[in-house]
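Chains, contacts and geometry: an overview
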Amino acid sequence: MPYKSDFLRILDERGFIHQVSEPELLDEKLASGAPVSAYIGFDATAPSLHAGSLLPIMMLHWLQQTGHRPIVLMGGGTTKVGDPSGKDESRKLLPEEEIDRNIEGIRKIFDRFLKFGEGPSDAIMLNNAEWLDELQYIPFLRDYGRHFTINRMLTFESVKRRLEREQPLTFLEFNYMILQAYDFLELYRREHCILQMGGSDQWGNIVNGIELIRRVEGGQAFALTAPLLTTASGAKMGKTAAGAVWLDAALLSPYEYWQYWRNVEDADVGRFLRLFTTLPLEEITRLESLQGAEINEAKKVLATEATAMVHGRAAAEEAAETARRTFEEGRLGEALPTVEVPRTELEQGLGLLRAMVLAGLAKSNGEARRAVKGGAVRVNDEKISDERMTLGTEHLNDDGVIKLSFGRKRHVLLRPV
């Protein structure tokens, strides 16, 4: 349907929308001129979010850009329970101190995408531990548990999948959907939040919240979900063979982040430019129409724009320049990831396989050995075939580092300290 509100129109044009509850009514509210408050929840299971979280983050970004108020809800309380959606097994439970540290790290990421403050469309970040930790279990069940039937909860995809595969679903996790619905109710009461957004796997949980608001407060609320994102070949977003594509520069350098986007499949370029950059749609249409080798230029634009969103324009351009110098000129780029190794280890002889693991280019000696046998490992741009090779101070180049490469696109500098 053609949307009147800027927010839904932009999301629709860029491919963010999977389902919307009562779209005409929500569209009217968003087009009324008064800021609408909407939220997305993020559990604090790691010290950073990864690229798989970018879709909801960009939804909040566009919400604010079109004059509405984003609420980032950190799951300090629900992280203690574990969301069963999309999971085959129970999640490891974290101590409160680790959850608090994770929230602190995640906040820094949102500062790149949202403006926080006291204004009508300024973002706020809340922690659901603020109200969930204070709940008294029996009164909570009496007041809110009676609005949920086991019959309906068993129809939810996240529950059905776990039961069909005969994987345990703990009573703790079973409570998650009630707690998420209660979060929506609390935000409706506290912040007059009328819209919850999330991935399509969250539809049932969000509708639960809408129902709870209607039953308890007689209020009107809405749901909007985005498609669960995979690459053109079906791989999960935000993961690579080397691990998660973290949004924190301390866990993944801006150069490696840039490379992740530079290496996307050709068929994904246009879609990812719409979802993960703010480039005008006309420019995106031009870029995705490039054919043959020219599509690589579009990938470089995607990589630079996506990296600028997370790490800032300067870091993105430095990463692009490093890639150009490394691949087009065969020189060392200044932004290549650097790993420090004790000089004494180099003086005594550092095994190549151990160096690969230290550099994060392989997860184990076995993986490093297979890479060497496959001809994928280079030291200072020279192919290495001897898995027993040791690196020493004689391998330091004129810049005082050793360039270690796995394939054509993954490079790390070893710097003695």
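Note: the structure precedes this text.
Strands sit in the order β9-β15-β14-β11-β12 across an open sheet of five strands; the sheet is mixed. The open sheet is flanked by β9 (338-341) and β12 (382-383), the only strands paired with a single partner. The sheet contact formed by strand β11 (residues 377-379) and strand β14 (residues 402-406) spans three bridges and is antiparallel. Within β14, the residue paired with V377 across the bridge is F406.

All right, on to the environment of G292 then. Its place among the elements puts G292 in the loop between α14 (281-288) and α15 (295-311). Taking relative accessible area as the criterion, G292 reaches 55% and is therefore assigned exposed. Sequence separation between G292 and D266 is 26 residues, and the spatial gap between their C-alpha atoms is 9.4 Å.

By secondary structure assignment, the location of T66 is in the loop between α3 (54-65) and β3 (69-74). Polar side-chain contacts of T66 include one of 3.0 Å to the backbone oxygen of L63. Setting aside residues no more than four positions away along its own chain, T66 makes contact with D6, F7 and I10.

Bringing the pairing of β14 into the picture now. Of all five residues making up β14, five are buried, and the element is well covered by its neighbours. Alignment of β14 against strand β15 (residues 410-416), held across five bridges, turns out to be antiparallel. Pairing of I402 across the sheet is with L414, part of β15.

This part takes up the nonpolar core. Membership of the largest hydrophobic core comes to 99 residues, with the highest contact counts inside it found for F7, F110, W261 and F276. The residues contacting F7, other than those within four sequence positions of it, are L30, M59, W62, L63, T66, H68, L195, M197 and L224. One finds L353, A362, M389 and L414 within the second-largest nonpolar core, a separate group that totals 23 residues.

Evaluated as defined, the whole model comprises 21 salt bridges. A salt bridge links E321 to R324, with the shortest nitrogen-to-oxygen separation between them at 2.7 Å. Placement of the pair is E321 and R324 together in helix α16 (residues 313-328), with a separation of three residues, close to one helical turn. Taking relative accessible area as the criterion, R324 reaches 31% and is therefore assigned partly exposed. Each of E130, E186, R189, R190 and E217 takes part in one network of salt bridges that share partners.

This paragraph deals with unusual backbone geometry. At E22, a residue that is not glycine, the phi angle is positive and equals roughly 45°. Summarising the element assignment, E22 is placed in the loop between β1 (19-20) and α2 (23-31). Phi is positive for H192, which is not a glycine, with a value near 45°. Judged by relative accessible area, which is 52%, H192 ranks as exposed.

Time to look at the packing of aromatic side chains. Summed over the entire model, instances satisfying the criterion amount to seven aromatic pairs. Relative to F110, the ring of F42 has its centre 5.0 Å away and its plane inclined at 70°; by these criteria the two rings are edge-to-face. Taken together, the residues F42 in strand β2 (residues 37-42) and F110 in helix α4 (residues 96-113) connect sequence positions 68 residues apart. On the accessibility criterion, F42 (5% relative accessible area) is buried. Here W261 and F276 contribute two aromatic rings whose centre-to-centre distance is 5.1 Å and whose plane-to-plane angle is 50°, an arrangement assigned as tilted. A residue pair is termed long-range when its members are at least 10 positions apart, and W261 in helix α12 (residues 254-262) and F276 in helix α13 (residues 269-276) qualify at 15 residues. For W261, a relative accessible area of 0% gives the class buried. Among the aromatic residues, those joined into a ring-pair cluster are Y257, Y260, W261, F272 and F276.

Calculation rules
Residues numbered from 1 in each chain as written. Predicted model: local features only at pLDDT ≥ 70, side-chain atom pairs only at ≥ 80, totals over all residues. Heavy atoms only, no water. Pairing = 2+ DSSP bridges. Helix = DSSP H or I, 4+ residues; strand = E, 2+ residues; numbered from the N terminus. Buried < 20%, exposed > 50% of the residue type's maximum accessible area, 1.4 Å probe, protein only. Polar contact = N/O pair within 3.5 Å; in protein donor to acceptor, adjacent residues only side chain to side chain. Contact = heavy atoms within 4.5 Å. Core = buried A, V, L, I, M, F, W, Y, C linked by side-chain atoms within 4.5 Å. Salt bridge = Lys/Arg side-chain N within 4 Å of Asp/Glu carboxyl O. Phe/Tyr/Trp six-rings, centres within 6.5 Å; stacked < 30°, edge-to-face > 60°.

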